[in-house]
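Structural overview
Chain by chain, the residues run as shown.
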Amino acid sequence: GDSVTQMEGPVTLSEEAFLTINCTYTATGYPSLFWYVQYPGEGLQLLLKATKADDKGSNKGFEATYRKETTSFHLEKGSVQVSDSAVYFCALSRSNTGKLIFGQGTTLQVKP
Amino acid sequence: DAGVTQSPTHLIKTRGQQVTLRCSPKSGHDTVSWYQQALGQGPQFIFQYYEEEERQRGNFPDRFSGHQFPNYSSELNVNALWLGDSALYLCASSSTDSTYGYTFGSGTRLTVV
C-alpha cells in the first residue's frame, strides 16, 4: 500500500543554517504531496503542497519539488529561524478530499 | 472565521470505559476526517464522514465509530478503551467544492489509565 518515509530526527541547526528534510514515498500513479508543520500543543498546519510531477510547492521560505523519478519530496529552506522549530510531516493523498497518509515526522530544533 | 473546533482538549479515562470526542468543522466545510496521532508518530487515518455517512475507513477496529450530524459536526466514539488508545485525536474538515482544503483542529489529548 501507499506509504511515506521521512528522515529520522531530531534535526538540530543553528539559526540561518540551510535545512533539508528528506521525504520519499511509495505509491502507484500520481498522488498529491504535502508538507505539514505541527507546533507544540497545536494541530497540523499545511505548509506547502504539489499535485503533479515537477511541481514546486513553496511557502514562508520553504520549498519542495515533486520528483516522480526518485519518488521524493524533500523539504528545504535556505535560512532557518528559531521560530521554525516544530515537527514537520510529509504526507500524500490520492484525491483532494481523500485520506492523508503521513510519515512519522521529523523534529526540527533551531538554536540561536 | 472560526477554524475547526474540538472538545474536550484533554481527557483521562480508565481502561474499559467509553469516550466521545467532538468536532465542529470550519464554516463552509462539509466533510470531516478523524486521525489518531500516537506520541512521536505521524497521524493515522481513522475514518471520514460526508453527508452523515462514513465514506472511507482506515485500519481501525469496530470499537472506533463515528457520526456526522446535519450541521456537519461530528463525533468520534471509542468503546472498551485500552492503554494503546492513548493518543492525540485530530479532526480535519474539508469541502467537496474546493480544490484542496484540509483544516485541522488542535486535537483532543486522550489518556487511558
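Reading the values: rules and limits
Residues numbered from 1 in each chain as written. Chains lettered and ligands numbered in written order. Predicted model: local features only at pLDDT ≥ 70, side-chain atom pairs only at ≥ 80, totals over all residues. Heavy atoms only, no water. Contact = heavy atoms within 4.5 Å. Polar contact = N/O pair within 3.5 Å; in protein donor to acceptor, adjacent residues only side chain to side chain. Nonpolar A, V, L, I, M, F, W, Y, C, P; charged D, E, K, R; others polar. Core = buried A, V, L, I, M, F, W, Y, C linked by side-chain atoms within 4.5 Å. Buried < 20%, exposed > 50% of the residue type's maximum accessible area, 1.4 Å probe, protein only. Helix = DSSP H or I, 4+ residues; strand = E, 2+ residues; numbered from the N terminus. Disulfide = S-S within 2.5 Å.

Once that is clear, we can look at the interface of chain A and chain B. Many descriptions give the size of an interface as the accessible area lost when the pieces come together. Contact residues are listed per partner, giving 17 residues for chain A and 22 residues for chain B. Applying the counting criterion to the chain A and chain B interface returns three residue pairs in polar contact (both at pLDDT 80 or more). The residue inventory of the side of chain A that touches chain B, partitioned by class, reads seven nonpolar, seven polar and three charged.

With 27 residues, the main nonpolar core has Leu19, Trp35, Leu48, Phe73, Leu75 and Tyr88 of chain A as its most contacted residues. Among the secondary structure elements, those contributing two or more residues to this core are β2 (11-14), β3 (19-21), β4 (23-26), β5 (32-38), β6 (44-50), β8 (62-65), β10 (86-93) and β12 (106-111) of chain A. Among residues more than four places away in sequence, those in contact with leucine 75 of chain A are Leu19, Thr20, Ile21, Trp35, Leu47, Leu48, Phe62, Glu63, Ala64 and Tyr88 of chain A. Listed in part, the 20 residues of the second largest apolar core include Phe47, Leu76, Leu110 and Val112 of chain B.

Residues and elements named next belong to chain A. Following the criterion strictly, the structure yields two disulfides over all chains and no others. The partner cysteine of cysteine 23 in its disulfide is cysteine 90, sulfur to sulfur 2.0 Å. Since a negative S-S torsion denotes a left-handed disulfide, the cysteine 23-cysteine 90 link at about -70° is left-handed. A residue pair is termed long-range when its members are at least 10 positions apart, and cysteine 23 in strand β4 and cysteine 90 in strand β10 qualify at 67 residues. In this structure cysteine 23 comes out as buried when scored by relative accessible area, which is 1%.

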